[in-house]
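Listed below are the residues making up each chain.
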Amino acid sequence: QVQLVESGGGLVQSGGSLRLSCAASGFTFSSYAMSWYRQAPGKERELVADITSAGGSTNYADSVKGRFIISRDNAKNMVYLQMNSLKSEDTAVYYCNTVRRRVGIRYDYWGQGTQVTVSS
């Protein structure tokens, strides 16, 4: 079964950096796009960044463009989120995600999340 395990969150000062990691298992990792989402208290979960299966194309939310970098290592079944110039508004639980579509129905798979707290 699909399993996603995030790590790397923590407490960091404004302007600092963190690197999140997501270990994937239970599926052919190199065949699927991967995403990072986040959810701040009282807010809806939002897409932060995604990356195609081979890593050739990436997409970012406007709020993180130029500060965050998504990458993947298909040999290790890992996806990463390098977060630089962190701001207090980046505080959230960050989730790794992969999607399957069967007969027109979307299935989302999530990790347990990792907390990122940015202090001002």
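Right above here is the structure, for reference.
Now for a description of the structure that goes with this document. (Residues numbered from 1 in each chain as written. Predicted model: local features only at pLDDT ≥ 70, side-chain atom pairs only at ≥ 80, totals over all residues. Heavy atoms only, no water.)

### Section: the nonpolar core
Note the threshold: We call a set of buried Ala, Val, Leu, Ile, Met, Phe, Trp, Tyr and Cys residues a nonpolar core when their side-chain atoms join them within 4.5 Å. Think of it in three bands: residues with accessible area under 20% of the maximum for their type are buried, residues over 50% are exposed, and the middle band is partly exposed, with areas taken using a 1.4 Å probe on protein chains only. Strands are runs of DSSP state E lasting at least two residues, helices are runs of H or I lasting at least four, and both sets are numbered from the N terminus onward.
Counting residues in hydrophobic clusters, the biggest one holds 28 residues, and the most contacted among them are Trp 36, Val 79, Leu 81, Met 83 and Tyr 94. The set of elements that each furnish at least two residues to this core consists of strand 3 (18–25), strand 4 (34–39), strand 5 (46–51), strand 7 (68–73), strand 8 (78–83), strand 9 (92–102) and strand 11 (114–119). Ranked by the residues each element gives to this core, the list is headed by strand 3, at 4 residues.

### Notes on the sheet that holds strand 3
Selection rule: At least two DSSP bridges between two strands are needed for those strands to be called paired. To get an axis, fit a line to the C-alpha atoms, keeping to the stretch in contact for a helix; angles then go from 0 to 180 degrees between the N-to-C directions.
The strand order 1-3-8-7 describes an open sheet built from 4 strands, whose pairing is antiparallel. Two strands close off the open sheet at either side, each with one partner strand: strand 1 (3–7) and strand 7. Recorded for the sheet is a direction-independent mean angle of 15° between the axes of neighbouring strands.

### Quick notes on the environment of Ser 53
Heads up, the rule is: Any pair of residues with heavy atoms lying within 4.5 Å of one another is described as a contacting pair.
Structurally, Ser 53 can be placed in the loop between strand 5 and strand 6 (58–60). On a C-alpha basis, the gap between Ser 53 and Gln 3 in space is 17 Å, while along the polypeptide they are 50 residues apart. Those residues in contact with Ser 53 that lie beyond four places of it in its chain are Ser 30, Ser 31, Tyr 32, Ala 33, Arg 72 and Asn 74.

### Quick look at the side chain of Thr 98
Under the convention used in this document: Between N or O atoms, a polar contact is any pair within 3.5 Å; within protein, one atom must be a potential hydrogen donor and the other a potential acceptor, and residues adjacent in sequence are included only when both atoms are from side chains.
Structurally, Thr 98 is set in strand 9. For Thr 98, a relative accessible area of 1% corresponds to the buried category. At 2.8 Å, the side chain of Thr 98 and the side chain of Arg 100 are in polar contact. Among residues more than four places away in sequence, those in contact with Thr 98 are Val 2, Leu 4, Phe 27, Tyr 32, Ala 33, Met 34, Tyr 107, Asp 108 and Tyr 109.

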